[in-house]
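# Per-entry structural report
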Amino acid sequence: MSAHTPEFDVCVIGSGAGGGPVAFRLAQAGYQVLVLEKGPWLKEEHFFKDELSCCRHSIFTPDLADEQHVLETRNEYGNWYSEATSQSGWNFWNGNMVGGSSNLMSGFFYRLKPQDFRLKSEFGAIEGANIEDWPISYDDLEPYYTLVESEVGVSGHAVAHAFAEPRSTKDFPQKPTAEHPIVKRIESACDALGYQPLPTPRAILSSPDKGRRSCEYSGFCGSYGCASGAKGSSRAALLDRAVESGKCHIWDNCKVNRLISGADGKVVEAEFVNAEEQVQRVSAKIFVVACQAVETSRLLLASVGPKHLKGLGNNHDQVGKNLLFSAGGAGSGDLPYADLDPESVKALQTRGPFVNRNLQEWYVIDDEALGGRVKGGTIDFLLRHPNALPQALPQKWDDDGNLLWGETLQKRIKSAISGQQTLNFEVFNDWLPTDNCFVSLDTSVKDRWNQPVAKVRLGYHEHDLKIGNYLADKAAGVLQQMGAKNINWSVSGSPPANLMAGGCRFGTDIETSVLDPDCRMHDCENLYVTDGSFMPTGGSVTYTWTIYANAFRVADKIIAAL
């Protein structure tokens, strides 16, 4: 990095799914773009199928002794209880590197549906939930969903079904990835139950494109970086190309502490700490914040100024409010090889190809047991992850809680790993926004740069669990129809940290929203937020495709404003 601080057209803070499209689009348009990323710049050659690195040492996320969160949950007496993650061990980080958590995603890609944009007007208010319609419609975002298919690379096959979202193109630009033989069993069970299993789009290349290799079917996607570049991370799909343009500059290992605003309320500089632990500043015409929901709110709250005494955009106490996660749950069932013929066992032992099947039969549910017509969700099927550690570690305890060792432990581990195929499912439904799910600054815990860390209250709405249980029960029925054993599932209000949104919702009223419909801060004309923070509601699918699409949309708004 040069000692001289240049001035850029746009400074993007964060390089994941919210930052990558902006940097890419602006660089394409000829503007000078700077991306400030807190983590290192890892590339394909740095990613290995190393279970210890991935899941025991958490090398892709910060050391909790240096950077952490304070999480606030409700205890058994109904009181809120705060605990620093360095004490609890609950790692709330997702991906700390150029490209952010998009490097580590599984790549299940779903568009929102038109009714997701009008949850309140379509399904009505729910007591205790702060539901609002989006200020834009599905039609506004559809061209950008399509753009993501080609620029990020989405493989799949579009089929007609009751809740299929409108498309401006007939099918995906990439054919589906190879499918595991278990798909036939899922389809047979669904057919018997009268359900329509759907192909699941994936942000994974099935054929080489734009200098990236196609999937090599190692089976290691979720929680791992992609060694082939097939996964549509912000880095592999967008930032590498943006840098090649000569217009985009990425400064890695640069942690932004605050945004400095002037007397007119506009942001003039970003103050950051570089890899040499030097505090520096950089100026730009426009600033874009895309640090993922919790950290975006933390940065804005920490950025006080003459016109923003409670933090950028927080004059109406809305920054950090209405944080969202993906509600739902997960389950599994075993197909023991001892119950199957040799040919079936050989097929189920296949490693690498994807399941790529989901159910959206109940995206809208009309059931008196749930009070009539309500919003439902999505069920995704997937094989257990090939990472051996999560399968082996639970075997060290017997059914009575006694610690095992020696030959007994060896046999249990062998049986758990090689005695059956396990089919998992995940349920995705709306996490309703409430007054008890928000981000603030902790008043006592600080990070290694002496900055206050984010404190996150993790309250949920009981309606989330009701819908999640309804869907999980349907998914378990499919496993039962397949003849699976040891079927189990759980739904809880414990949020998945990798699926977060909200905190800076967009809208038309500054009293109830932080951003305008273009994701520009209401009272700061040169500041945009482009990660999932803008979302008033999250829909009943994973968020990443929508975050990518909206960031491309906002990039066009920024170009128009420059």
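Everything here concerns the structure above.
It should be emphasised that the depicted structure is a prediction, and the values quoted were computed from it without experimental measurement.

Before going further, it helps to examine the packing of aromatic side chains. Scanning all chains against the criterion turns up 21 aromatic pairs. Relative to W545, the ring of F109 has its centre 5.8 Å away and its plane inclined at 20 degrees; by these criteria the two rings are stacked. Here W545 lies in helix α13 (residues 544–561) and F109 lies in the loop between α3 (85–88) and α4 (119–123), a separation of 436 residues in the sequence. In this structure F109 comes out as buried when scored by relative accessible area, which is 0%. Under the relative-accessibility criterion, W545 is labelled buried at 1%. Their ring planes at 85 degrees and their centres at 6.0 Å tell us that F117 and Y138 sit as a pair that is edge-to-face. Here the residue F117 occupies a position in the loop between α3 and α4, and Y138 occupies one in helix α5 (residues 138–153), the gap between them amounting to 21 residues. A single burial state applies to F117 and to Y138, both of which are buried.

In terms of burial, helix α7 (residues 234–244) is a largely internal element, eight of the 11 residues being buried. For α7, the full list of buried residues reads S234, R235, A236, A237, L238, L239, R241 and A242. The secondary structure elements touched by the buried residues of α7 are α1 (20–28), α5, β6 (248–251) and α13. Two residues or fewer after α7 comes G246, characterised by a positive phi angle close to 80 degrees.

Throughout the structure, instances matching the rule amount to four cavities of 30 Å³ or more. Considering only enclosed or pocket space, the largest cavity measures out at about 60 Å³ in volume. Considering the residues around the largest cavity, the lining is formed by E67, Q68, H69, W93, K255, E295, R298, D447, V453 and A454. Among the secondary structure elements, those contributing two or more residues to the lining of the largest cavity are α8 (293–302) and β18 (452–458).

Reading the values: rules and limits
Residues numbered from 1 in each chain as written. Predicted model: local features only at pLDDT ≥ 70, side-chain atom pairs only at ≥ 80, totals over all residues. Heavy atoms only, no water. Phe/Tyr/Trp six-rings, centres within 6.5 Å; stacked < 30°, edge-to-face > 60°. Helix = DSSP H or I, 4+ residues; strand = E, 2+ residues; numbered from the N terminus. Buried < 20%, exposed > 50% of the residue type's maximum accessible area, 1.4 Å probe, protein only. Contact = heavy atoms within 4.5 Å. 1 Å grid on protein atoms, 1.4 Å probe; cavity = no way out; pocket = protein on both sides within 12 Å on 5 of 7 lines; lining within 4 Å. Points joined across faces, edges and corners; volume = space filled by probe spheres on them.

These values are about where atoms sit, not about what they do.
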